[in-house]
Amino acid sequence: MADELYWDDLKVGYRFESEQFAVEAEAIKEFAAAFDPQPFHLDEVAAAESFFGGLVASGWYVAALTMRHFVLEGLPVKGGLIGAGAELAWVRATRPGDVLHLFSEIVECRPSRSRPTRGTVTIRSETRNQNGEAVQIMTTRIVVPRRPSAAEGQASTGPAPA
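What this report covers is the structure whose coordinates are included nearby. None of these values were measured; they are calculated from a predicted model.

1. A word on the pattern of salt bridges
Pairing between side chains of opposite charge can happen when their charged atoms approach one another.
Inference 1: The full count for this structure, using the stated rule, is 10 salt bridges.
Inference 2: Where R15 meets E105, a salt bridge forms, and the shortest distance between an N and an O atom there is 3.4 Å. Of the two residues, R15 is situated in strand β1 (residues 15–17) and E105 in strand β4 (residues 99–111); the sequence distance between them amounts to 90 residues.
Inference 3: Close ionic contact of R92 with E133 constitutes a salt bridge, the shortest N to O distance being 3.8 Å. Highlighted residues: R92 in the loop between β3 (82–90) and β4 and E133 in the loop between β5 (118–128) and β6 (134–145), separated in sequence by 41 residues.
Inference 4: The class for E133 is partly exposed, based on a relative accessible area of 30%.

Set out below in structure tokens:
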């Protein structure tokens, strides 16, 4: 991956976003059949009589779509996105035809106290629909390697200025 980023390259306030991506009824049903086989994800008639009043995507499908775009269009971190925990909330139903867009911001960068070769970065992401309404809010903590020269010398106590 070109221009891979180290912990030392990142800073609080850095923002990034994805391209838009559409949610299709057939994909909702395929995912649900394999991973979340509830009637409101599988069948329009049953969904119409449900709490949602129509077919909706599984929150896990929205999370998987978000992760795909987070990896492909998010931070090109050295070694990949290594999760160290997350908080996830589905705040609005995602329906067929919705067009989603991921907005993310780094909210914390912390060097490891016990492992000088790495740090953690906390990222808050909102997956929004075509109306700008959040459908999912996720706060993720990832482990990011330190730049070898910074980790060896311990000269840096925080991310380098951008």
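2. Considering a nonpolar patch on the surface
Inference 1: Among the surface-exposed residues, W60, L88 and W90 lie close enough to one another that they form a single nonpolar patch of about 320 Å² accessible area.
Inference 2: With respect to the helices and strands, W60 occurs in helix α4 (residues 59–73).

3. Overview of the side chain of T127
Inference 1: As for its placement among the helices and strands, T127 is situated in strand β5.
Inference 2: Classification of T127 as buried rests on a relative accessible area of 0%.
Inference 3: Within the local environment of T127, its side chain forms a polar contact with the side chain of T66, the two groups lying 2.8 Å apart.
Inference 4: If near-sequence neighbours (up to four positions away) are discounted, T127 is found in contact with F21, V62, T66, L100, H101, L102, E133, A134, V135 and Q136.

Basis of the calculations
- Residues numbered from 1 in each chain as written.
- Predicted model: local features only at pLDDT ≥ 70, side-chain atom pairs only at ≥ 80, totals over all residues.
- Heavy atoms only, no water.
- Salt bridge = Lys/Arg side-chain N within 4 Å of Asp/Glu carboxyl O.
- Helix = DSSP H or I, 4+ residues; strand = E, 2+ residues; numbered from the N terminus.
- Buried < 20%, exposed > 50% of the residue type's maximum accessible area, 1.4 Å probe, protein only.
- Patch = residues over 30% accessible without salt bridge, like charges linked within 9 Å, V, L, I, M, F, W, Y side chains within 5 Å.
- Areas by Shrake-Rupley, 256 points an atom, 1.4 Å probe, with all protein chains shown as cover.
- Polar contact = N/O pair within 3.5 Å; in protein donor to acceptor, adjacent residues only side chain to side chain.
- Contact = heavy atoms within 4.5 Å.

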